[in-house]
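Next come the chains, spelled out residue by residue.
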Amino acid sequence: MFALFQKLPLQMKLRCSSLNLLRNLSSSGATCRDFTCFSTLLQGRVSHSHLLQIHARVFRLHLSQDNLIATRLIGHYPHGIALRVFSQLKKPNLFPFNAIIRVSAYGGHFADSFFIFRKLKRCSLPPNDLTFSFILKSCLQSEEALHVEQIHTHVWKMGYCRDPFLCSGLIAIYAKARKNFAVYGLKVFDQISDKSMVFCWTTLMAGFAQSGQSQEVLRLFCLMVKENVKPEDDTMVSVLSACSNLDVALIENWITILSEFVKDFEGSCCDSVYIVLVYLYGKWGMIERSKESFDRITSNGKRRVLSWNSMINAYVQNGFPLEALDLFRIMVQDPNNRPNHVTMVSVLSACAQIGDLDLGIWVHEYMKSEGRRSVIESNKVLATALIDMYCKCGSLEKAKEVFDEMALKDVVSFNAIIMGLAVNGKGHEAIELFSRMQEFSLRPNAGTFLGLLCACSHSGLSDRGRQIFIDMRSRFFIHPKLEHYACYIDLLAREGHVEEALDVAASMPFKPNNFVWGALLGGCLLHSRLDLAQNIYSRLLEVDPDNSAGYVMLANVLAGDQRWTDVSSVRWFMREKGVKKQPGCSWIGVEGIVHEFLAGSPWHPQIEIIYQTLHELSKKMRVASSC
């Protein structure tokens, strides 16, 4: 029998031993007051049936007033039963108080946790660091942080104002309250004795980032690096979030500060500074300087996904999708580099820019194979990026699949699929999907109506577009922005209602921009309205004189009317102004490699072979046409 017992798993042995101990206690009668035995039984994980047996025996032996046993019982029960166990204690000490405050806080019963804390004070029991950590949890999770100043006062009176964990909790709550956060947050932080604890810096910077004080975040970041405290990934997320909200006018100043700072300072923290510089240079549009900063990051620094994400994002934001994808391929070649959902959003955006559907599908499959299917379903940002990529690559069925699989659909995801259907000429489907938003109790926003107007424009639904434009203001109380007017004017002009479109342009509360005049000129070109085209063309030149689109469209209108002298005049005027037509650009994926082609560019490495092949094809076509 003993040999059989030895073969049992450890958890089964403990369970058997506990049950035997309970039977022995039961047979010993009410005179057995072995508190240690019951407290031992209640340690660790206890099944519900076993817990009820122990509790029943505790009750029969009149041991329910023992504070240690009660504390452990409270810890095993849900809030309602735990509160009943606590209320039966006649003289509770600090331990059951802490236990019930903890159960209340973690169970979302914030009012109860505050009530019990006040009762603790009335009992003249001094709270300890655990008490404060549990009550601060309630402050942090509750919708209102009204109690934080009172708790802060108690923390200060009890001498815990230098505890980094409690101070970090206070900073987080002040950040949530946002009321005088800069004053209270810094005051709490200054009282911390050990400032080498990274999470204290992280909490403080997260608070400033959430309250929109970007410069204060960067100031603290520099101070943190100067103190040789290495920022963690959570810290860097707050720093980069602050950078994203930094005014463009301040970017140059902070680049100068950080560049000088990194020259005078050496250490592992420099990698974090270079990551910020990569991000800031990218936001400023200086992609070469961004790449230089990325190259200065050490091999250890490049084990952090944040460094790769910053550079890939910089490429994508500045219109270098091929470079972004090349860097992503280098990244995944190292098994130590694991891309996260932020990486994938940037990569999917690059795929959408060049229409690389194959790589987009690979990214989707990669996330599934890595066990991240649930991430796609639950992460709205990632799912929306996938929808956008599939729509821009023309794979509407795949986009619909991702949309249908989303566990929680929001307005942004609806907007993405509506716009995707719109640009692919599926106007009726886009409008039908709009009606489904009401089933999810979602209120459309300005982005929704931009997608709907675009859908009507691309599908020639002028009457439906008029009604949507009216409903936008009268039914949903959303004031159209300039882009809505431009899209609506484009819809009218495409359908030949050029005069009506001109009336809308004249009545809108914005000065018409190049998109408005371009839409009107495009309508004139489409419907041969030369009588209006030249006046609109002059207006377009006033707002956007360096854009070749207006010149080209007018030349096409004149050519359609066989006014070749006027066509020559327009082209001469372009040359005089130094306006050059933007070259056409296309991408072709061959065996996993995306090739970029610019009209008239000889820089492709295989350009000779390409021209030779085209020449041969041209010869064969001429032979075929002569037969």
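Model, not experiment: these values are computed from the prediction.

Trainee: It is not clear to me how the packing of helix α6 (residues 79-87) against helix α7 (residues 94-106) should be interpreted in this structure. Could you clarify?
Mentor: How two helices sit against one another is set out by the angle between their axes and by the gap between those axes. Direction vectors running N to C along α6 and α7 enclose 160°, while the axes themselves pass 10 Å from each other. In this view, α6 runs roughly antiparallel relative to α7, as classed from their interaxial angle. Here α6 runs over α7; the crossing is left-handed. Between α6, through His79, Ala82, Leu83 and Phe86, and α7, the contact on the second element is made entirely by Pro96, Phe97, Ile100, Val103 and Ser104.

Trainee: Explain helix α26 (residues 411-423) here, please?
Mentor: Here α26 contains 13 residues, and its C-alpha end-to-end distance of 18 Å stays within 8% of the 18 Å for a straight helix at 1.5 Å per residue. When we look at burial in α26, the residues that qualify are Val411, Ser413, Phe414, Asn415, Ala416, Ile417, Ile418, Gly420, Leu421 and Ala422. Of the surrounding secondary structure, the elements contacted by the buried residues of α26 are α24 (380-392), α25 (396-405), α27 (427-436) and α28 (446-459). Remark: Gly425 follows α26 within two positions and exhibits a positive phi of approximately 75°.

Trainee: How do you make sense of the confidence of the model for the protein chain when you look at a structure like this?
Mentor: As a general rule, the predicted coordinates of low-pLDDT regions are not to be interpreted in detail. Put simply, the protein chain has an average pLDDT of 82, and 83% of its residues get 70 or more. Predicted confidence is poor over residues 1-19, with pLDDT under 50, and the contacts of this stretch with residues over four places away or in other chains come to 12 contacts. Here residues 25-33 scores under 50 on pLDDT; set against residues more than four positions off or in separate chains, the count is 14 contacts.

Trainee: Looking at this structure, how should I read the UniProt feature "repeat: PPR" (unreviewed entry) in the protein chain?
Mentor: If you check UniProt for "repeat: PPR" (unreviewed entry), the listed places come out as residues 197-231, 304-334, 340-374, 379-409 and 410-444 in our numbering. Note that residues 197-231 is 74% helix and 0% strand, and that its end C-alpha atoms are spaced 10 Å apart. Helix makes up 66% of residues 410-444 and strand 0%, whereas the separation of the span's terminal C-alpha atoms amounts to 10 Å.

Trainee: Looking at this model, I keep getting lost on the packing of aromatic side chains. Mind explaining?
Mentor: In this description, an aromatic ring pair is defined by two values, namely the gap between the centres and the angle between the planes. Going through the model one piece at a time under the given rule, you end up with 17 aromatic pairs. Judged by centre distance (5.8 Å) and plane angle (65°), the ring pair of Phe132 and Tyr160 falls under edge-to-face. With a gap of 28 residues between them, Phe132 in helix α9 (residues 129-141) and Tyr160 in the loop between α10 (148-157) and α11 (164-177) connect regions that are remote in the sequence. Of the residues examined, Phe132 reaches a relative accessible area of 0% and is grouped as buried. Between the aromatic rings of Phe165 and Phe199, the centroid separation amounts to 4.9 Å while the plane-to-plane angle is 25°, which identifies the pairing as stacked. In this pair, Phe165 sits in helix α11 while Phe199 sits in helix α13 (residues 198-210), placing the two residues 34 residues apart along the sequence. Owing to a relative accessible area of 57%, Phe165 belongs among the exposed residues under this scheme. Between Arg102 and the ring centre of Tyr106, over which it is positioned, the NZ or CZ distance is 5.2 Å. Across the ring face of Phe403, the terminal group of Lys409 is positioned such that the distance to the ring centre comes to 5.3 Å.

Trainee: Explain the pattern of salt bridges here, please?
Mentor: Opposite charge on two side chains permits them to pair, given that their charged atoms come into close proximity. Here the structure, examined in full by the defined rule, presents 14 salt bridges. Arg289 is paired through a salt bridge with Glu292; the nearest N and O atoms lie 3.4 Å apart. One end of the pair is Arg289 and the other is Glu292, both in helix α18 (residues 287-296) and 3 residues apart, which spans about a single turn. The exposure class assigned to Arg289 is partly exposed, which follows from its relative accessible area of 36%. Put simply, Asp326 and Arg329 hold a salt bridge, and the shortest N to O gap is 3.4 Å. Of the two residues, Asp326 and Arg329 are both situated in helix α20 (residues 321-333); the distance of 3 residues between them amounts to about one turn of the helix. According to the relative accessible area criterion, Asp326 is partly exposed, its value standing at 46%. On the basis of relative accessibility, which here comes to 26%, the residue Arg329 falls in the partly exposed class.

What counts and how
- Residues numbered from 1 in each chain as written.
- Predicted model: local features only at pLDDT ≥ 70, side-chain atom pairs only at ≥ 80, totals over all residues.
- Heavy atoms only, no water.
- Axes fitted to C-alpha atoms, helices over the stretch in contact; angles between N-to-C directions.
- Helix = DSSP H or I, 4+ residues; strand = E, 2+ residues; numbered from the N terminus.
- Parallel < 35°, antiparallel > 145°, perpendicular 65-115°, else oblique.
- Left-handed = near helix turned anticlockwise from the far one by under 90°.
- Contact = heavy atoms within 4.5 Å.
- Expected span 1.5 Å × (residues − 1).
- Buried < 20%, exposed > 50% of the residue type's maximum accessible area, 1.4 Å probe, protein only.
- pLDDT = per-residue confidence, 0-100.
- UniProt positions renumbered as here; feature names shortened; annotations may be inferred.
- Phe/Tyr/Trp six-rings, centres within 6.5 Å; stacked < 30°, edge-to-face > 60°.
- Lys NZ or Arg CZ within 6 Å of the ring centre and 35° of its normal.
- Salt bridge = Lys/Arg side-chain N within 4 Å of Asp/Glu carboxyl O.

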